[in-house]
Structures are given as structure tokens and as C-alpha cells.
Amino acid sequence: MMDDSAYIQVAGAVEAGDFSLEKHRRIFLRMSELYERGEKIDRVTLANELLKRGELESCDGLSYLVSLDDGLPQLSNVDSYVRIVKDKSLLRRIILRSQQLIDRCLVGKEEPDDILASAEDSFLKLGEASVDTGLATPAQIIDQFEDGINASSIRASASRE
């Protein structure tokens, strides 16, 4: 990703929010800004851009930028790497939404039907967003969510008996 051609290959599919680490989100954002201004993307221009914004050290410095692609295979299979990043991003979003749902259930201030309806809507929207990238379909996400609810209901019923 430290050169223009690799960036161009992934820029349309990956966004900064897809990265789990804040420093990777910052690095990708700065790469995007360099590209939009028509500047070359390489370690020197990227380090300079991060330095100008006071972000170089929060991204672990120049040595980290230099090491980012150490040991990586050639990016001839960029689509596979993009798919991995997007899949992990979707999984993190599912985890976050699930945790929010658990929190709402534990607080217990809402009716279960209201929680379930908003959860279905939330997961449906998440699924619709992922369809654009060829990830899980909305129906698959809702099915997985409902399977989890059904399993929880069965466990809860069994524990009361």
C-alpha cells in the first residue's frame, strides 16, 4: 500500500473505518489525502504528511511505516487482501452491534419486541451495506442473528426449568 498503484487498487473498496487500529486508519486517511491532491504516495511523502499533522509518532514513527510491508507477499492478489480487511471489518461491526443489543437487554428499560425490531433493522442495514462489497447478505445476517436469539431463548427456558 505504500505506492500509488497499490493504493489505487484498493481505494475504491476499502475505507479508513475498515481498519481495526487507529494508526492504520490515520495512515490510510493521509494516503487518501495525498492521492486526492495528486501527490505521490510513498513512505517519504506519507511520513511528511503525518509529521505535518502531528500524527507520525502516534502512528509509531517512520520505522513503523517502513516495516508495514516487510514480509508481505507481493500484492498480485490484492482482491484477497481487500476481502480479508472487509470481512474483519464486518465482523467487528457485528460484534459492536451485538454488544449494544446485549447492553440494551441487560438494562431492561425497553420492551423485548422493541429491542428485537430495532436489532433486526440494525442488522438489516449492516447487511445491506455489506452486499455492496459482496459480503454476507442481509438475510444471512438476520438469519444468524435470529439463530443466536433462538439459541439464547432455548438456553434461558432450559435454565428456568
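Quantities reported herein were computed from a predicted structural model and do not represent experimental measurements.

## Considering the pattern of salt bridges
As enumerated under the stated definition, the model contains 16 salt bridges in all. A salt bridge links Glu39 to Arg37; its shortest N-O distance comes to 2.8 Å. Relative accessible area serves as the criterion here: at 40%, Arg37 is assigned to the partly exposed category. One connected set of salt bridges, linked through shared partners, spans Arg30, Glu33, Arg37, Glu39, Glu49, Lys52, Arg53 and Glu55.

## Quick word on helix H5 (residues 78–107)
With 30 residues, H5 should cover 44 Å at 1.5 Å per step; its first-to-last C-alpha distance of 44 Å lies within 8% of that length. Within H5, burial applies to Val78, Val82, Lys86, Ser89, Leu90 and Leu101. Taken from the residues just after H5, Gly108 is the one with a positive phi, measuring 70°.

## Observations regarding the packing of helix H1 (residues 4–11) against helix H2 (residues 22–36)
Here H1 crosses H2 at 105°, and the two axes come no closer than 11 Å. As the angle between them shows, H1 and H2 are arranged roughly perpendicular. Of the residues in H2, those in contact with Tyr7, Ile8, Val10 and Ala11 of H1 are Phe28, Met31, Ser32 and Tyr35. A breakdown of the residues in the contact of H1 with H2 according to their chemical character gives seven nonpolar, one polar and no charged.

So, how was this worked out
Residues numbered from 1 in each chain as written. Predicted model: local features only at pLDDT ≥ 70, side-chain atom pairs only at ≥ 80, totals over all residues. Heavy atoms only, no water. Salt bridge = Lys/Arg side-chain N within 4 Å of Asp/Glu carboxyl O. Buried < 20%, exposed > 50% of the residue type's maximum accessible area, 1.4 Å probe, protein only. Helix = DSSP H or I, 4+ residues; strand = E, 2+ residues; numbered from the N terminus. Expected span 1.5 Å × (residues − 1). Axes fitted to C-alpha atoms, helices over the stretch in contact; angles between N-to-C directions. Parallel < 35°, antiparallel > 145°, perpendicular 65-115°, else oblique. Contact = heavy atoms within 4.5 Å. Nonpolar A, V, L, I, M, F, W, Y, C, P; charged D, E, K, R; others polar.

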